[in-house]
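A look at the structure
Residue-level listing of the chains:
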Amino acid sequence: MNGKVCLISGASRGLGRALAMEFGKQGARLVINSRASSEKQLKEVERQLQAGKVEVLSVVGDVSKRADVERLAAEALARFGRVDILINNASALGPTPMPYLIDTPIDDFEQVLRTNTTGPFMLTRSLVGQMIARGSGSIINVSSDAGITGYATWGAYGVSKAALDQLTRTWAAELEDTGVRVNSVDPGDMDTQMKRASDPEGNGSGWAPPDKVTPVFVYLASDASAHISGQRLLAQEFMERS
């Protein structure tokens, strides 16, 4: 990672924060992002990274909004001149307790898709051109098993993640032979605020700490995975094999 520039959306807490800490430790220069409602937590992550001598830029913005995505990409490129690694981590769960589809307000359904699917599309579209121009880049989309299996009450979130996996495969097909690779990672059950909101009565004893699932992201961002694109990797299986 030494010297590479990595942009991580949704980096104020949970997996995004863990990824920022790990990539900073690995020597990457970072652009971290969150919505305005999490600005205080984002600034704290930035402070901790700076204390570790990591070069970091924090940008507040909502990835579901085109203007915010374009500003995020522009500020990243203005600061560092390039983005080598993009991790589309920001996600929206939708209303909690999570409703059945028949009870899901249309506006909430659309907002989940804008954050979880359209947002990664827009951010990738804003940054992939400079990757193609250099002939290298790694884009990693954070998926979920809810995109594979239909779970009651997980409708909007599951649909968004299924679409994100297909978006991953399509980008990979279209970027074949450019040196830019696109993959998705299912991190599995993690002990995060989002997981607790989605499953308030769940037994968290088996949920992985977010910092334990970062190795697969480091692998996909590194040159060791230059031959891998269009794949969906399971973070916790990767961790067990490592």
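Below is a short write-up of the structure. (Residues numbered from 1 in each chain as written. Predicted model: local features only at pLDDT ≥ 70, side-chain atom pairs only at ≥ 80, totals over all residues. Heavy atoms only, no water.)

The 7 strands are arranged E3-E2-E1-E4-E5-E6-E7 in an open sheet whose pairing can be described as parallel. The sheet is open, and its two borders are formed by strand E3 (56-60) and strand E7 (232-234), each paired with just one other strand. Ignoring strand direction, the axes of neighbouring strands in this sheet form an average angle of 20°. Across the face of the sheet, helix H3 (residues 66-80) comes into contact with strand E1 (5-8), strand E2 (29-34) and E3 while running at roughly 160° to E3. (Pairing = 2+ DSSP bridges. Helix = DSSP H or I, 4+ residues; strand = E, 2+ residues; numbered from the N terminus. Axes fitted to C-alpha atoms, helices over the stretch in contact; angles between N-to-C directions. Contact = heavy atoms within 4.5 Å.)

Our focus in this paragraph is the nonpolar core. The biggest cluster of nonpolar side chains holds 32 residues, and the ones touching the most others in it are Phe 23, Leu 30, Ile 32, Ile 87 and Phe 217. At the level of elements, E1, helix H1 (14-25), E2, helix H2 (39-51), strand E4 (85-88), strand E5 (137-142), helix H7 (215-221) and helix H8 (235-241) are the ones that each hand at least two residues to this core. When residues of this core are assigned to their parent elements, the largest contribution, 5 residues, is made by H7. Setting aside residues no more than four positions away along its own chain, Ile 32 makes contact with Ile 8, Ala 11, Ala 20, Leu 42, Val 45, Glu 46, Leu 49, Val 56, Leu 57, Ser 58 and Val 59. The next biggest cluster of nonpolar side chains, apart from the first, holds 27 residues, and it includes Val 63, Ala 73, Met 122 and Leu 164. (Core = buried A, V, L, I, M, F, W, Y, C linked by side-chain atoms within 4.5 Å. Buried < 20%, exposed > 50% of the residue type's maximum accessible area, 1.4 Å probe, protein only.)

Each aromatic ring pair is described using two quantities: the centre-to-centre distance and the angle formed by the ring planes. Tallied over the entire structure, the rule returns 3 aromatic pairs. Relative to Tyr 157, the ring of Trp 154 lies with its centre 5.6 Å away and its plane at 70°, an arrangement referred to as edge-to-face. Residue Trp 154 is classed as buried on the basis of its relative accessible area, which comes to 19%. Tyr 157 gets classed as buried once you look at its relative accessible area, which sits at 8%. (Phe/Tyr/Trp six-rings, centres within 6.5 Å; stacked < 30°, edge-to-face > 60°.)

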